[in-house]
Amino acid sequence: MPVSVRKMATAKDNLLHLLGEALREESFVKLTVGGYRGRDHSVKQLFVRPVDLREGRRLSFVWRYATRDVTKNFPHDEALALLDDIIGTDFRTAHLFTTRLTAQLEFREGRQPRLIEGKPAHATAAPTSHDRVKQHRIDPRESSWLEKLGVTAANGTVMKGMEAKFRQINKFIEVLEHLLSDVGFPEDKPLKVVDMGCGKGYLTFAAAEFLQRTRQTPSMVNGVESRAELVSLCNGVAVECGFKNLRFENGTIESASLEQCDVVLALHACDTATDDAIARGVQAGASLIIVSPCCHKELRQQLRPPPVLAGVLRHGILLERCAEFVTDGLRAALLECAGYDTRVFEFIASEHTAKNLMIAALKSKRPTVLEGCARRARELAKFYGVREQQLARRLSFSLTEPADPPA
């Protein structure tokens, strides 16, 4: 007689079995998957929860990246198959919450995976309604400053022509939330944030509201703007809307006070003003520097690329884009030389604004290998024939090879 061989259940099998049972019993609350070890280093965690859609009950997967969230919905069978694929390979931990129990799965180096079951942390199952009204980090119905600045009407609806600005505000807070988390500021630390060249203060107000709502201790946000009429307007709105730790001052990037500053913002500072803002943030020892560059004029006349690129870059639009690429590439490399981990990414989709690149610099917790960082910066500059650049000057960094020591 043939002998049936039953595969011994693994810790992961048991976790997925518990999840399947919870789905059938409608006792599932959520699943948190972490310990990412895959190829995309910007992935942080995965969150799974039940939702009801027009097509029926689904599991909503929210992948948390370094600067954004990506959501996809799957039928139960597809969701379980996907989790079977990624748990234990891309992700090394999973924490299941149901109304009957909690279960934590861990994969440990050189040891067998283990599943630990415990008492439930939730008395009721997760709500499964799929809110068709998009949930925003800055709620237009509760943020009166949006109306005062002309972004929304009195009833909270976004004004015609301000839709892109409203999306930009919310995207900025999503990015800021991720970056603050990655820096690892203690929850009880009062932060000081300076927004240089803040304009009408849309993002300054958004940052102040977000910090006021999420931090345990009051944080100070300062907006610096050279146009006195905008400073007066923003200070009036801040008082009217009850912001106690938000101030706007008349000044420039050079005059801004960065004493004990934790976060420096400079969004859409023109040409070398972005370099000036970065340099001041570095010199102040800021833990987080966020810039969104605007126009890149300085290097266009300097570019002397290898002959193979000369014919291509005779086209003005390609030369302009190359200047953007080289300028921001050098900025990222020079920030790494200054002891920061850098991220360069699209801030908001290009159909909303052409000024959509963002550079984020987080003070590194690892020792900086200055020789390697400096070599990469100089090799990039040499390849394109660049000998001088504003941020390099401000940081006293020579883009040409150091002179040979005397014999």
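Look a little higher up for the structure.
All values reported here derive from a predicted model rather than from experimental measurement.

Tell me about the overall build of the protein chain, residues and numbers included.
Looking only at helices and strands, the protein chain has 11 helices and 14 strands in total. Expressed as lengths along the three principal axes of its C-alpha atoms, the size of the protein chain is roughly 85 × 65 × 40 Å. Burial status across the protein chain gives 46% buried among its 407 residues. Nonlocal contacts in the protein chain, meaning residues at least 24 apart in sequence, comprise 66% of its contacts between residues at least 6 apart.

Explain the environment of Gly385 residue by residue, including any values.
In this structure, Gly385 sits in the loop between helix H10 (370-383) and helix H11 (390-394). When the C-alpha positions of Gly385 and Gln302 are compared, they lie 6.8 Å apart, and in sequence the two are 83 residues distant. Residues within four places of Gly385 in sequence aside, it is in contact with Gln302 and Arg304.

Any details on the packing of aromatic side chains? Residues and values, ideally.
One pass over the structure, following the stated rule, counts eight aromatic pairs. On the numbers, 5.6 Å between centres and 70° between planes, the contact of Phe205 with Phe243 is edge-to-face. Here Phe243 lies in the loop between helix H6 (228-240) and strand S10 (246-250) and Phe205 lies in helix H5 (residues 202-214), a separation of 38 residues in the sequence. Here Phe243 falls in the buried class, since its relative accessible area comes to 9%. Ring geometry for Phe383 versus Tyr384: centroids 5.0 Å apart, planes at 75°, classification edge-to-face. A relative accessible area of 43% places Phe383 in the partly exposed class. Judged by its relative accessible area of 9%, Tyr384 falls in the buried class. One aromatic cluster is present, formed by Trp145, Phe205, Phe243 and Phe248 through successive ring pairs. Above the face of the Phe97 ring, Lys30 is positioned so that its terminal group lies 5.0 Å from the ring centre.

Report on unusual backbone geometry, specifying residues and quantitative values.
Unusually for a residue other than glycine, His268 sits at a positive phi of about 70°. Following the sequence through the fold, His268 ends up in strand S11 (residues 263-270). With a phi angle near 50°, Asp271 is a residue other than glycine that sits in the positive phi range. Tracing the chain through its elements places Asp271 in the loop between S11 and helix H7 (273-284). A relative accessible area of 15% places Asp271 in the buried class.

What counts as what
- Residues numbered from 1 in each chain as written.
- Predicted model: local features only at pLDDT ≥ 70, side-chain atom pairs only at ≥ 80, totals over all residues.
- Heavy atoms only, no water.
- Helix = DSSP H or I, 4+ residues; strand = E, 2+ residues; numbered from the N terminus.
- Buried < 20%, exposed > 50% of the residue type's maximum accessible area, 1.4 Å probe, protein only.
- Contact = heavy atoms within 4.5 Å.
- Phe/Tyr/Trp six-rings, centres within 6.5 Å; stacked < 30°, edge-to-face > 60°.
- Lys NZ or Arg CZ within 6 Å of the ring centre and 35° of its normal.

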